[in-house]
Amino acid sequence: MTPTPNLLKISNLHKSYQAPNQPRHWWPSLSNTASASQIKAINGLNLSIAKGETLCVVGESGCGKSTLARLVMGLEQPDQGHISYQGNNISSLKHKQRQDYRQRMQMVFQDPYTALNPRLTVLHALVEPLLYHQPQLNRQNAIDQAMAQLLAVGIDPALAQRFPHQLSGGQRQRINIARALMVQPEFIVADEPLSALDVSIQAQILNLLAQLQQRQQLTFLIFSHNLAAVEHMADRVAVMYEGQICEIASREKIFNHPQHPYTKALLAASPQIYQAPNAHHKLVGDVPNRIPTQQGCSLQDRCPKAFETCRHQTPKSIEMTTGHWVACHLVADPTSTDPIPDTQVKLEKGNHHDPSH
Amino acid sequence: MNAAKYHGHHVWRRFRRQQLWRQLKANKTAFVSAIVLLSLGILALLTPWISPFDPTNMQQQNIMDAELPPFWQQGHDHRFLLGTDGLGRDLLSSILYGLKNSLWIGFWAVLLQFTLGTSLGLCAGYFGGWAERLIMSLADFQLTFSSLMLAILTLAITRAAMGAHDYHMWSPWLLVLVLGLADWPQYARTLRASVLAEKHKDYIAAAHVLGYRSKHIMVFHILPNTLSPLLVIATLQIAHVILAEAALSFLDIGMPYANPSLGGLMGAGFEYMFSGIWWIALLPGLALLTLLLSINLVADWLRDALDPKNLGHRP
Amino acid sequence: MTSPLLQVTDLHVNFISRWPNEPNIDVLRGVCFELYRGERVALVGESGAGKSLLATSIIQLFDSSARIRQGQVTFEGKQLTQLKPKQLRQIRGRRIGMVFQDPMTNLNPSLTLEQQLLECILSHRSISRAEARLVALHKLRQVHIPAPEARLQQYPHQLSAGQRQRATIAMALALEPALIIADEPTSALDVTMQAEVMSLLTHLCHNNGVALLLITHDLSLVAHASDRCLIMYAGKIVEQGPTSVLINDAQHPYTQGLIKALPQMSSPGQPLFQIPGQMPVAQELGNHCAFATRCEFAHDKCWQQTPTMPTGNGHRASCHLLTPAPARAER
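Residues numbered from 1 in each chain as written. Chains lettered and ligands numbered in written order. Predicted model: local features only at pLDDT ≥ 70, side-chain atom pairs only at ≥ 80, totals over all residues. Heavy atoms only, no water.

Of regular secondary structure, chain A possesses 13 helices and twelve strands. For chain A, the proportion of its 357 residues judged to be buried stands at 53%. Restricting the contact set of chain A to residue pairs at least 6 apart, pairs at least 24 apart contribute 68%. (Helix = DSSP H or I, 4+ residues; strand = E, 2+ residues; numbered from the N terminus. Buried < 20%, exposed > 50% of the residue type's maximum accessible area, 1.4 Å probe, protein only. Contact = heavy atoms within 4.5 Å.)

Below you can see the structure in the form of structure tokens.
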């Protein structure tokens, strides 16, 4: 069986930002201290997505999800590395050359309210992309297509003349999805599409996405920290922390046989309705303030199982079983020497540990 | 139909749904002010036809008719309802023409300021980088000088260079130019701040992702959502420009005596105040006050009324 | 039977309409519940059900044109609806603490933590500044904020979202209130932070004997963090009872729908159960069950009469399906 071709491939991606509240001079900086005020949002990331699959990237705030989404969509340029779409390198394209790809790759944003222009009606928001790319259409034709799209996402066409502030969160998110679909894309990036919605509405949106994928053979890249939804929707799951992928595998393997300590902690923290919370895999401390030049594994300050090697060497991503890649020293070599004292002590100490210096 | 035309069509429909008339009726102050403003505007427009005399025409003036009081005082002449000025010119006609000139200058000067300030502010905010630095430096530079002082300086020099006769012929345009160029930085600075805030919102990112060009995004997405404070500034500026022009005319470097403005009339009539001939300065002053007050009240109401959140309370 | 700490009876809250001829429609339509000392009660409902409005109505901290039309709120024996603003202020903060949703905006960005905590403590207790500072430190330690002495001098933007939320909890606890109302305290937080904050809240409530009213839209979040659960729909409480009983044996079709809609309840790849339609807005409600438009079991009676909540103490729901048909008289 021939493997499904890769639609999107990300290799060795790096992206840094100037830390906020740093003085900015208009003269070029001659010293190296400038780099100390940089925040490394993406730190050597590799990922590939096959056509027709749903890849969910799971991670918490600060891990670089939004940056990655913006890099993939071409809203920002990476410092290093490539992003290729169907074999063509798109990360270094200028605006004009990117236009071809704009129609093939679309995005759904996190906050359904700010993602809509507050001064446009629902209908207008949908008609605009159509008329922009196909000005030869007449107005009625465009309106008919927009109405059809509204029905396809489950919105009553009577709502077409409403403004975003007159709609509920779930309805707004549907409009966002409809707008993305107006240009007939084949690849959709969704940056936390469910976070701003109630649990009962999340079910509706998840069903809608699944339905659309089946009907239109879409490929999805979904960023989320809602593990329950991810378990339901994903074909493959990648776990992201501090700008790197720590573990990636099929859904079944991630949820039933997680390897990386961070994955285990996330799964343990995810609220379950019938099972009591599991404090066994707790992480200590808070998400750190992203010191970029720190050596070693990015999880070293919070991992209950960290040991010496973790402080010095960045773990490489190793394929444990087919399609299951993990970047962790402990997983790579379970018999590592120099383990730290037992977990309880670390947990206790960790509560008074200040991670931000 | 292209996307830009559809935007135009949409703006019209949205404007109709705003139910401005209903909102205007609901707010008594704004309603009265709007009526007053509208009446003043109509009067100004119809001035050439309804004015009893023509104050620009020296032939119509007779020095024997000078300093006649308004109709409610003893000694008035029934031809001159509001009295006459020091040279026998009918005050009512002068006020009407003055109103027309003041509104004309106010409108064009503000249009100039608005267009210049908005385009520069939009570019500065959207593109950032060297364009932003350049435009903002220019704006800051200009703001360090008092606009009135600059105006006085410029106009005085121009008048000296052109000679009084030519200057009076060109003064409406010169005033529009000078007052228009004086205050564009306000718009630019305000707009740049709003654009910076709006630029980072998701719907702008969505517009980029949908493949719209920068110009399209700037004009159809960012500008409409940042226009509200600018409209407030523009309406307040109409009053400010009219007042500035009044000050300049008072100082005799604005509109000439022959083609009066309200400020010029006040200036010319000022010296008569102390001899008890109060109507020459005060009546144009009252007209000016009414005009400015009604503009400000309507502007205040308009800003709230145009908020898109006011749409849709009634199906 | 001890008297409840908080008792809400037949509370109706409406908004003053913008247009003069429009009637004012009730958004909260007769809410009744009780909360006992030391109890953790979860108030669960979708956006628009009126949960946040209920929370702000209890302490009367309305942010728009809402007002209490009818009903009573009794706290520690006092009728809050009858109190003067000055008396209400003494209860807010001192006896009832509140934790809001957004960790970005619920702390004043231009004051340090110390200034905010001290302001909170000193406005209700007349103790010295040094003593208040010790109290503040103690509270920060209780919420597990690392290096509290250093943190006191920091501004909110220097803390992470999780720490900010914990600082807010510390502020709510500062005066040792009898009740804490937490309005979606973890919605803006990540999964691991969420778990931490939830366990912190429940732990603190157990240790300090503080009652907790937790407002959320996520039933799975409160499944193990509350003793009792109130399900709210369209301005009314439709089901209430001990959480474990409610989750395992939900009576009201809405609660059943909420549980079935959770992704964990469907196998991957299968469509999730979704409750069809939308919650009706206040204008669409009348003398019928508000859930009838979306309920798969709706029948004639549901459209003719609003169901009532049975009296009692245990697990109960207001649904016509549950009221037994009246016995027919034997002829």
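Further notes follow.
Residues and elements named next belong to chain A. Direction of pairing for strand 1 (residues 6-18) relative to strand 4 (residues 80-85): antiparallel, over a ladder of five bridges. Opposite serine 11, over in strand 4, you have histidine 82 as the bridge partner. Strand direction decides the pairing type here: strand 4 and strand 5 (residues 88-89), joined by two bridges, are antiparallel. The residue bridging tyrosine 85 from the neighbouring strand is asparagine 88, located in strand 5. Linking strand 4 back to strand 5 in an antiparallel pair, the connection comprises two residues, with glutamine 86 at a positive phi of about 50 degrees. (Pairing = 2+ DSSP bridges.)

All right, on to the sheet that holds strand 6 (residues 96-99) of chain C then. Residue and element names in this part refer to chain C. Spatially, seven strands are ordered 6-7-8-3-9-10-11 in an open sheet, and the strand pairing comes out mixed. A strand with exactly one partner marks an edge of an open sheet, and here the two such strands are strand 6 and strand 11 (316-317). The strands touched by helix 6 (residues 161-173) are strand 6 and strand 7 (179-183); relative to strand 6, the strand with the most contacts, the crossing angle is about 170 degrees. Across the sheet, helix 7 (residues 191-208) is in contact with strand 3 (40-44), strand 7 and strand 8 (211-216); its angle to strand 8 comes to roughly 155 degrees. (Axes fitted to C-alpha atoms, helices over the stretch in contact; angles between N-to-C directions.)

The next subject is the interface of chain A and chain C. The partner chain C presents 46 residues to the 41 residues of chain A that form the contact. Here chain A packs against chain C, burying approximately 3,500 Å² in sum over the two surfaces, 53% of which is carbon and sulfur. There are eleven residue pairs in polar contact (both at pLDDT 80 or more) connecting chain A and chain C. At the level of elements, helix 7 (199-216), helix 8 (227-233) and helix 10 (261-269) of chain A are the ones that each hand at least two residues to the side of chain A that touches chain C. Here the side of chain A that touches chain C takes seven residues from helix 7 of chain A, the largest share from any one element. Of the residues in the side of chain A that touches chain C, the class split is 17 nonpolar, 16 polar and eight charged. (Buried area = accessible area lost by both parts, 1.4 Å probe. Polar contact = N/O pair within 3.5 Å; in protein donor to acceptor, adjacent residues only side chain to side chain. Nonpolar A, V, L, I, M, F, W, Y, C, P; charged D, E, K, R; others polar.)

On inspection of all chains with the given rule, the structure shows 18 aromatic pairs over all chains. Ring geometry for Phe114(B) versus Tyr187(B): centroids 5.8 Å apart, planes at 85 degrees, classification edge-to-face. Highlighted residues: Phe114(B) in helix 4 (residues 91-127) and Tyr187(B) in helix 8 (residues 184-199), separated in sequence by 73 residues. The exposure classification of Phe114(B) matches that of Tyr187(B), with both residues buried. Ring centres of Tyr254(C) and Phe291(C) lie 5.3 Å apart, and the angle between their planes is 70 degrees; this geometry places the pair in the edge-to-face category. Taken together, the residues Tyr254(C) in helix 10 (residues 253-260) and Phe291(C) in the loop between helix 10 and helix 11 (300-304) connect sequence positions 37 residues apart. Judged by its relative accessible area of 0%, Tyr254(C) is buried. Look at Phe291(C) and you get buried, because its relative accessible area is 4%. The ring of Phe273(C) carries Lys260(C) above its face, with NZ or CZ at 4.4 Å from the centroid. (Phe/Tyr/Trp six-rings, centres within 6.5 Å; stacked < 30°, edge-to-face > 60°. Lys NZ or Arg CZ within 6 Å of the ring centre and 35° of its normal.)

This brings us to the confidence of the model for chain C. All names here are of chain C. Across chain C, the average pLDDT comes to 86, with 96% of residues at or above 70. Confidence drops under pLDDT 50 across residues 326-331; counting only partners more than four residues distant or on other chains, this segment forms zero contacts. Our summary of model confidence lists the complex with pTM equal to 0.83 and ipTM equal to 0.83. (pLDDT = per-residue confidence, 0-100.)

Val127(A), Ile177(A), Tyr262(A) and Leu155(B) are the most contacted members of the largest nonpolar core, which has 124 residues in total. Here the element with the most residues in this core is helix 10 (residues 214-250) of chain B; it accounts for 14 residues. Residues contacting Tyr262(A), with those up to four places away along its chain left out, are Glu60(A), Val239(A), Met240(A), Tyr241(A), Cys246(A), Leu283(A) and Leu299(A). Cys205(C), Ala223(C), Ala225(C) and Leu285(C) belong to the second-largest nonpolar core, a separate cluster that totals 101 residues. (Core = buried A, V, L, I, M, F, W, Y, C linked by side-chain atoms within 4.5 Å.)

All names here are of chain A. Enumeration over the complete set of coordinates arrives at 19 salt bridges over all chains. A salt bridge links arginine 236 to glutamate 53, with the shortest nitrogen-to-oxygen separation between them at 3.0 Å. Remark: glutamate 53 occurs in the loop between strand 2 (38-50) and strand 3 (54-58) and arginine 236 occurs in strand 9 (residues 236-241); sequence separation between them is 183 residues. Judged by relative accessible area, glutamate 53 falls into the buried class, the value being 10%. (Salt bridge = Lys/Arg side-chain N within 4 Å of Asp/Glu carboxyl O.)

Residues and elements named next belong to chain B. Taken together, Leu148, Ile152, Phe250, Leu251, Phe270, Met273, Phe274, Leu282, Leu286 and Leu289 make up a surface patch of nonpolar side chains, about 940 Å² in accessible area. Looking at the nonpolar patch, the elements with two or more residues in it are helix 6 (147-162) and helix 12 (279-305). A total of three residues in the nonpolar patch trace back to one element, the largest contributor, which is helix 12. Judged by its relative accessible area of 41%, leucine 282 falls in the partly exposed class. (Patch = residues over 30% accessible without salt bridge, like charges linked within 9 Å, V, L, I, M, F, W, Y side chains within 5 Å. Areas by Shrake-Rupley, 256 points an atom, 1.4 Å probe, with all protein chains shown as cover.)

So, about unusual backbone geometry. Even without being a glycine, Gln86(A) presents a positive backbone phi close to 50 degrees. Position of Gln86(A) relative to the elements: it lies in the loop between strand 4 and strand 5. Positive phi outside glycine occurs at Gln60(C), with the angle close to 55 degrees. When you line up the elements, Gln60(C) lands in the loop between helix 1 (51-59) and strand 4 (66-75). Owing to a relative accessible area of 22%, Gln60(C) belongs among the partly exposed residues under this scheme.

Quick look at the pairing of strand 6 (residues 105-108) of chain A now. All names here are of chain A. In strand 6, alternate side chains face the same way, and those of Met105 and Met107 on one face and Gln106 and Val108 on the other are all buried. By the bridge criterion, four bridges tie strand 6 to strand 7 (residues 187-191) in an arrangement that is parallel. The partner of glutamine 106 across the bridge, within strand 7, is isoleucine 188.

With that out of the way, let us pick up helix 1 (residues 3-17) of chain B. The end-to-end C-alpha distance of helix 1 of chain B is 21 Å, a good match for the 21 Å that 15 residues give at a rise of 1.5 Å each. Residues of helix 1 of chain B that are buried: Ala3(B), Tyr6(B), His7(B), His10(B) and Arg14(B). End-on view of helix 1 of chain B: buried residues confined to an arc of 105 degrees, all on one side of the axis. The outward face of helix 1 of chain B, more than 90 degrees from its buried face, is lined by the exposed residues Lys5(B), Trp12(B) and Arg16(B). Taken together, the buried residues of helix 1 of chain B touch helix 4 (122-133) and helix 5 (139-152) of chain A together with helix 10 of chain B. (Expected span 1.5 Å × (residues − 1). Arc of directions from axis to C-beta.)

A word on the state of the cysteines. Residues and elements named next belong to chain C. Tallied over the entire structure, the rule returns zero disulfides over all chains. This cysteine, cysteine 289, is not joined by any disulfide, and cysteine 302 carries the nearest cysteine sulfur, 5.9 Å off. Residue cysteine 289 is classed as buried on the basis of its relative accessible area of 14%. By relative accessible area, which is 7% here, cysteine 302 ends up buried. (Disulfide = S-S within 2.5 Å.)

What follows concerns the sheet that holds strand 1 of chain A. Residue and element names in this part refer to chain A. The four strands are arranged 2-1-4-5 in an open sheet whose pairing can be described as antiparallel. Taken across any chain shown, the strands that pair with only one partner, and hence form the sheet edges, are strand 2 and strand 5. Here ten bridges tie strand 1 to strand 2, and the two strands are oriented antiparallel to one another. The residue of strand 2 that forms the bridge with tyrosine 17 is isoleucine 39. Its contacts with the sheet place helix 2 (residues 65-73) against strand 1, strand 2 and strand 4, and it is angled at close to 120 degrees to strand 1.

Right, let's talk about the packing of helix 4 of chain A against helix 5 of chain A for a bit. Residues and elements named next belong to chain A. Orientation of helix 4 relative to helix 5, taken along the N-to-C sense of each, is 120 degrees, at an axis distance of 9 Å. As judged from the angle between their axes, helix 4 and helix 5 are oblique. Considering only the axes of helix 4 and helix 5, their crossing is right-handed. Counting all contacts with helix 4, which are made through Val122, Leu123, Leu126, Val127, Leu130 and Leu131, the residues of helix 5 involved are Ala142, Ile143, Gln145, Ala146, Met147 and Leu150. Its residues placed into classes, the contact of helix 4 with helix 5 shows eleven nonpolar, one polar and no charged. (Parallel < 35°, antiparallel > 145°, perpendicular 65-115°, else oblique. Left-handed = near helix turned anticlockwise from the far one by under 90°.)

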